Amino acid sequence: MRKRVNMLLWAVLAVLWFLFTTVLLFGILANMATHDTQEEEKEETRIKKNLLQTRNYTTKRLIDTLLEEKSAKDYTFTRYSLDVQKSGRLHAHLTKMLKTHKRPKDSFYSFNVTKSEELSVTRDVIDERPDECKKRMFNYSALPTLSVVTPLYNEALTTLLRHVYAILNRTPPQLLKDIILVDDNSTLSYLGADFQEYLRILDSKIRIIRNTERKGLILSRLEGEEMTEGDVVVFMDAHMEVCEGWAEPLLERIQSQSAIVVQADIAAIDGDTFNLYTGFKVKFRGGFGWDTRYSWLPLPTYHSQFRNSEWDPIPVPVLQGSCIAISKSYFHTVGRFDDGLEIWGGEHFELSFNVWMTGGRIETIPCSKVGHIFKSNKYSFGQAKDKNYIVAKNNLRVAEVWMDGYKSIVRAAVKAWQNPVPVFTDADWISIRKRKEMRLRRKSESFSWYLKNVIPEYKIPSKDDSFFGEIQNAETKNCFFVYDDEYIGMTSKCETFVIIPENTFAFDNFGRLKYGNRCVGYDRITYLLWVTECPCKDGRKDGIRWSFTRDQLVMTEKSETLCATQANSGFSIHQGKEIVQLQTCDKTRKVQKWSFQFHFVYK
């Protein structure tokens, strides 16, 4: 019995062991399966992660590549090009035009048109600017677009086409919106239908407006501006040729400031040879003469303190006028050009005073070079219009609106060269009043502020002065200047349209020849002129009295009368140099003939 029980117990234990080992085995197998599954899941996750990273890397690389390509594109100047077929058609058309249309003689244009016709209208110009200008990079996609407005009247065909081609060839196409040519009722046949057909073949960006009657340069510019589509409008003359890299510096500067007008640095195109040199540095800035002539002023020494390179802009008191760039929005803010100015003249003065005195600024951009054929003004003022009268009237209008009390000086200077003095009609006075109201709304500064802050080196005449400015010799074309020891010598650094403030003298109604607040007398031993203290206004303190008669500067003292003469110093004082000495008057000697820059007639 006990044996049977023991066997049964062992059988139960065997079954339990079997069940235990089976469960244990299944557990181990299950764990192994779970582990395998987890490993598989981990591997799959790892693979997926790697794949995702690979895709992200590829996408990033792709994006970076695209950005690099876009950046490269943004900084790339895509050049304008013509296909061979179109070039052939244009060449044939131009040849036909030159053969079938007669033109006036070269003297009509005041430059050598015959030479111009020998040159290609698509000629290259050597870029001789400094390296800092050439190597400058621009983000073209960020620059504003531009439009060019060019009025024309009886322009020479080849110089006009060279003007257009230069703009197309040297302006990034992505920046150039349009070229608006405003024909101010030209009379020469080659500027008619054949010219228009040539432009149609050349490029759709070129549009021509034809005035049915003469409107003049100023109104033509305004009319052309209304048709433009660019962010910036550039007003040019028709006998100009833009150079390599001309547009980008102008646009970048305008983009940097909201209230600014900029101009290119103008390079002279030789009217005989058509040579164009762009390697010069800026030495002068634009100003005005008291008789309303456009004048140049040497760059003041203080400018060098603010300019680190040739790239830096140069503030200028007055625009030169032939290549003006301004954003369209700002142009309208300042009231555009004064449409009360007739035909030609004064608009560059008016815009300059307007901008400076109402919170803006005007600059020359040295790295922007544009060639210009300087010629005598052939602009027609109409059969019943006198050129000098119109120009004088325009400038007096500018003075009336912007120059405050200084307008009397301008009027006195105009009286000296213009007869009759222009008269404003009732309609003129109404439009002048409207322009003054615009100035008031714009919270303009005074003209005195302009003189002190924009052109502080400029000398201002007294209302007692009859003559003013540099004193130039008729024989040598040299001018008075003052040595450090205050003797008066002669310098060749003087021209009709260049004003050197430190060489400014005045002759007043009291018979005094003045230099600033001092007067010109003479050394009693050598009779050389020097600067000394002024006598009383009646000129009687030391007995010296000057007169300016028949272009001679005559000194009278007691019974002695002598004339200022350019001479070579034979004294130890500035020996061998050109000086001014009192000598016996002789009307036949040109070295005793002098002229002042400005003459004032107040009566």
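Residues numbered from 1 in each chain as written. Predicted model: local features only at pLDDT ≥ 70, side-chain atom pairs only at ≥ 80, totals over all residues. Heavy atoms only, no water.

Visitor: Explain helix α7 (residues 193–202) here, please?
Guide: Counting along an α-helix, one turn takes 3.6 residues, and residues three or four places apart therefore face a common direction. Burial in α7 covers these residues: F195, Y198, L199, I201 and L202. Each buried residue of α7 sits inside an arc of 160° when the element is viewed along its axis, so together they form one side. In α7, the exposed residues that point more than 90 degrees away from the buried face are A193 and R200. Buried residues along α7 sit against α2 (84–100), α6 (157–170), β2 (176–183) and β3 (206–210). (Buried < 20%, exposed > 50% of the residue type's maximum accessible area, 1.4 Å probe, protein only. Helix = DSSP H or I, 4+ residues; strand = E, 2+ residues; numbered from the N terminus. Arc of directions from axis to C-beta. Contact = heavy atoms within 4.5 Å.)

Visitor: Mind showing me how you'd approach the pattern of salt bridges here?
Guide: Once the charged atoms of two side chains with opposite charge are near each other, the side chains can pair. Under the criterion given, the structure shown has 37 salt bridges. A salt bridge links E347 to R221, with the shortest nitrogen-to-oxygen separation between them at 3.6 Å. With a gap of 126 residues between them, E347 in helix α11 (residues 347–357) and R221 in helix α8 (residues 216–227) connect regions that are remote in the sequence. A salt bridge links K436 to E400; its shortest N-O distance comes to 3.4 Å. (Salt bridge = Lys/Arg side-chain N within 4 Å of Asp/Glu carboxyl O.)

Visitor: Where do I start with helix α12 (residues 387–402) in this structure?
Guide: Look at α12: 23 Å from first C-alpha to last across 16 residues, which is about the 22 Å you get at 1.5 Å a residue. For α12, a buried count of 13 out of 16 residues is recorded, marking the element as mostly surrounded by other parts of the structure. A side-chain oxygen of the first residue of α12 lies 3.4 Å from the backbone nitrogen of N388; this N-cap is D386. D404 occupies a position one or two residues after α12 and carries a positive phi of about 50°. (Expected span 1.5 Å × (residues − 1). Polar contact = N/O pair within 3.5 Å; in protein donor to acceptor, adjacent residues only side chain to side chain.)

Visitor: Help me understand the pairing of strand β12 (residues 465–473) in this model?
Guide: Along any regular strand, the residues point their side chains to alternate faces of the sheet. Along β12, nine of the nine residues are buried, which leaves the element largely enclosed by surrounding structure. Pairing analysis gives four bridges linking β12 to strand β15 (residues 505–508), with the strands arranged antiparallel. Looking at β15, one finds that F467 is bridged to F507. (Pairing = 2+ DSSP bridges.)

Visitor: Which parts of the structure should I look at to understand the state of the cysteines?
Guide: By definition, a disulfide links the sulfur atoms of two cysteines through a covalent bond. Across all of its chains, the model carries four disulfides by this definition. Paired by a disulfide, C133 and C367 hold their sulfur atoms 1.9 Å apart. One quick way to see it: the torsion about the S-S bond of C133 and C367 is about -65°, and its sign makes the bridge left-handed. Within this pair, whereas C133 is found in helix α5 (residues 131–134), its partner C367 is found in strand β11 (residues 361–373), the two being separated by 234 residues in sequence. The burial state of C133 is the same as that of C367; both residues are buried. Looking at the chain, its bonded cysteines, counted consecutively from the start of the sequence, adopt the pairing 1-2, 3-4, 5-6, 7-8. (Disulfide = S-S within 2.5 Å.)

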